[in-house]
Amino acid sequence: MLLGRVIGTVWATRKDEKLEGMKFQIVRAVDTDYKPLDNIVVAVDSVGAGVGEIVLIAQGSSGRLTWITRDKPVDAVIMAIVDRLDVELPLSEWEADLK
Amino acid sequence: MLLGRVIGTVWATRKDEKLEGMKFQIVRAVDTDYKPLDNIVVAVDSVGAGVGEIVLIAQGSSGRLTWITRDKPVDAVIMAIVDRLDVELPLSEWEADLK
Amino acid sequence: MLLGRVIGTVWATRKDEKLEGMKFQIVRAVDTDYKPLDNIVVAVDSVGAGVGEIVLIAQGSSGRLTWITRDKPVDAVIMAIVDRLDVELPLSEWEADLK
Amino acid sequence: MLLGRVIGTVWATRKDEKLEGMKFQIVRAVDTDYKPLDNIVVAVDSVGAGVGEIVLIAQGSSGRLTWITRDKPVDAVIMAIVDRLDVELPLSEWEADLK
Amino acid sequence: MLLGRVIGTVWATRKDEKLEGMKFQIVRAVDTDYKPLDNIVVAVDSVGAGVGEIVLIAQGSSGRLTWITRDKPVDAVIMAIVDRLDVELPLSEWEADLK
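First, a word on scope: everything that follows refers to the structure included in this document. Bear in mind the structure is a predicted one, so any value in this text is a computation, not a measurement. (Residues numbered from 1 in each chain as written. Chains lettered and ligands numbered in written order. Predicted model: local features only at pLDDT ≥ 70, side-chain atom pairs only at ≥ 80, totals over all residues. Heavy atoms only, no water.)

**A look at the overall build of chain A**
Next, step 1: The secondary structure content of chain A amounts to 1 helix and 6 strands.
Next, step 2: Shown N-terminal to C-terminal, the secondary structure of chain A runs as helices and strands in the order β-β-β-β-β-β-α.
Next, step 3: When the 99 residues of chain A are sorted by exposure, 62% land in the buried category.
Next, step 4: If you take every contact in chain A between residues at least 6 apart in sequence, the share linking residues at least 24 apart comes to 53%.
Next, step 5: Total accessible area on chain A is roughly 4,100 Å²; 48% of this is exposed by carbon and sulfur atoms.
Next, step 6: One finds the centroid of the 12 positive side-chain charges in chain A at a distance of 8 Å from the centroid of its 16 negative side-chain charges. (Helix = DSSP H or I, 4+ residues; strand = E, 2+ residues; numbered from the N terminus. Buried < 20%, exposed > 50% of the residue type's maximum accessible area, 1.4 Å probe, protein only. Contact = heavy atoms within 4.5 Å. Areas by Shrake-Rupley, 256 points an atom, 1.4 Å probe, with all protein chains shown as cover. Lys, Arg positive; Asp, Glu negative; His and termini not counted. Charge placed at Lys NZ, Arg CZ, Asp CG, Glu CD.)

Structure below.
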């Protein structure tokens, strides 16, 4: 899954009819410190994620396995809202910890 | 989904017979300010998108889930035309807003 | 779909038995001016594309939806030969044309 | 498959109900010397991989083919814990060994 | 398909039970002169490819369509061993040959 942050919403009136009622969120990829990365993805929201929240995105055919996206022409879905990341092995301890 | 802008059309007479009648649009990826990015994708149009319009593209197997692309050998479809983007969290406010 | 140009052929005697008789073409990605890009893909030819021709490639599971690639362990297929590209919105006119 | 190293865990209370009970691990891609690369993936653990371990990740629809991820909206799974890599052809011997 | 060269083997005792008996090869991507590229993929061997050999890799769901990988949680398979590449259109002749 991709780790990202919701930064806004896409408005689209003219679309495939199976997409009616879906919310398309704009998500920017983040690193484990929630620093912004370059990559932007538009994803359907299946969990009520709001702007500013850190989320997980499932892409490809897996993006169609929530109740809201099943059999729809969408390739990315927000399937979880992140409460917290526990990074127990930061880059600074990488070598010391390598067995 | 990928955010992009239609910049032209592909003409191809010799093609898989299941592709007859499809319109192949050339789409350049854009950022949330509609600035052009490097990435170019050729996608089947399922919503009547014209040159200059901002669109969403679904890729992979999801690209085959519109009525026009079902079971066809295509891996990208324009499934929505974008009216407007609401970017509520620009990079300039990223840190301030981080909980 | 990926826009590319056929630059050669792969010869492989030892291969999965379901691949017997397929032609594996080497395709280099191109931009809309047919300038060469870095990316190289090996794709099965389903339309009789020869060296030097500009083609479209469908990747992933979509690459298995031509008569020749169905249920085969291949992830890229040439499904169209490009006659011409009409780029109506070149980068030089991008801003002027933005609504 | 992607070669990576588990560096931490994602906590997410609000998520698709089919994801209940899954462990989401943060994995950083590594090279064959276990040096850290830039790419980070969040993957479901199906084999009991702990922080610090070197693992293999299957992505896309293949990520749903373990008992724990079947039909779930996830696109990456840890399906093996690496004991050892045997790199018999390092870059220093690449040319000499080329037939 | 990806063009690569087998450089070694992954040893993994703890893994999904459906992976028992598979050989996981480490493959480095190559260009058409067999020069090494940065990208490394771990792929299941379905054709008896040895270290040093040039191979083709099918990725994604297509990686599950050999007899050995069917329905397994793997996303890359070596499905052919390359005997020879015929590059008839090198970059030096690109322009001259463009119709």
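From this point, things continue past the structure.
**Let's talk about the interface of chain A and chain D**
Next, step 1: Opposite the 31 residues of chain A that make contact, chain D presents 37 residues.
Next, step 2: Across the chain A/chain D interface, buried area totals approximately 2,900 Å², and carbon plus sulfur atoms make up 56% of it.
Next, step 3: Contact with chain D buries area across many residues of chain A, yet Met1, Leu65 and Trp94 of chain A alone supply 25% of it, more than any other trio.
Next, step 4: Where chain A meets chain D, there are 1 salt bridge.
Next, step 5: Among the ionic pairs, Arg14 of chain D bridges to Glu53 of chain A, the shortest N-O distance being 3.1 Å. (Buried area = accessible area lost by both parts, 1.4 Å probe. Salt bridge = Lys/Arg side-chain N within 4 Å of Asp/Glu carboxyl O.)

**Notes on the relation of the copies chain A and chain D**
Next, step 1: Structural alignment of chain A on chain D gives an RMSD of 0.0 Å, achieved by rotating through 72 degrees and translating 0.0 Å along the axis. On the angle and the small slide along the axis, the relation comes out as a five-fold axis. (Least-squares fit on C-alpha atoms with pLDDT ≥ 70 in both.)

**Observations regarding the interface of chain C and chain B**
Next, step 1: Contacts between chain C and chain B engage 31 residues on the former and 37 residues on the latter.
Next, step 2: Counting each side, the surface lost to burial between chain C and chain B is near 2,900 Å², with a carbon and sulfur contribution of 56%.
Next, step 3: The largest share of the area that chain C buries against chain B comes from Met1, Leu65 and Trp94 of chain C, three residues that together contribute 25% of it.
Next, step 4: On inspection of chain C and its partner chain B, the count reaches 1 salt bridge.
Next, step 5: Where chain C packs against chain B, one counts 19 residue pairs in polar contact (both at pLDDT 80 or more).
Next, step 6: The set of elements that each furnish at least two residues to the side of chain C that touches chain B consists of β4 (54–59), β5 (76–81), β6 (84–87) and α1 (94–97) of chain C. (Polar contact = N/O pair within 3.5 Å; in protein donor to acceptor, adjacent residues only side chain to side chain.)

**Comments concerning the environment of Pro90 of chain E**
Next, step 1: Looking at the secondary structure, you find Pro90 of chain E in the loop between β6 (84–87) and α1 (94–97).
Next, step 2: Residues Pro90 of chain E and Thr32 of chain E lie 58 residues apart in sequence; the distance between their C-alpha atoms is 9.5 Å.

**Some points on the pairing of strand β4 (residues 54–59) of chain B**
Residues and elements named next belong to chain B.
Next, step 1: Counting buried positions over the 6 residues of β4 gives 5, a clear majority of the element.
Next, step 2: Bridge count for strand β1 (residues 2–11) against β4 is 4 bridges, and the pairing is antiparallel. By the bridge assignment for β4, Arg5 is matched with Ile54.
Next, step 3: Bridge analysis of β4 against strand β5 (residues 76–81) gives 5 bridges, and the strand direction is antiparallel. Bridge assignment links Gln59 to a residue of β5, and that residue is Ala76. (Pairing = 2+ DSSP bridges.)

Shape descriptors only; they carry no functional weight alone.
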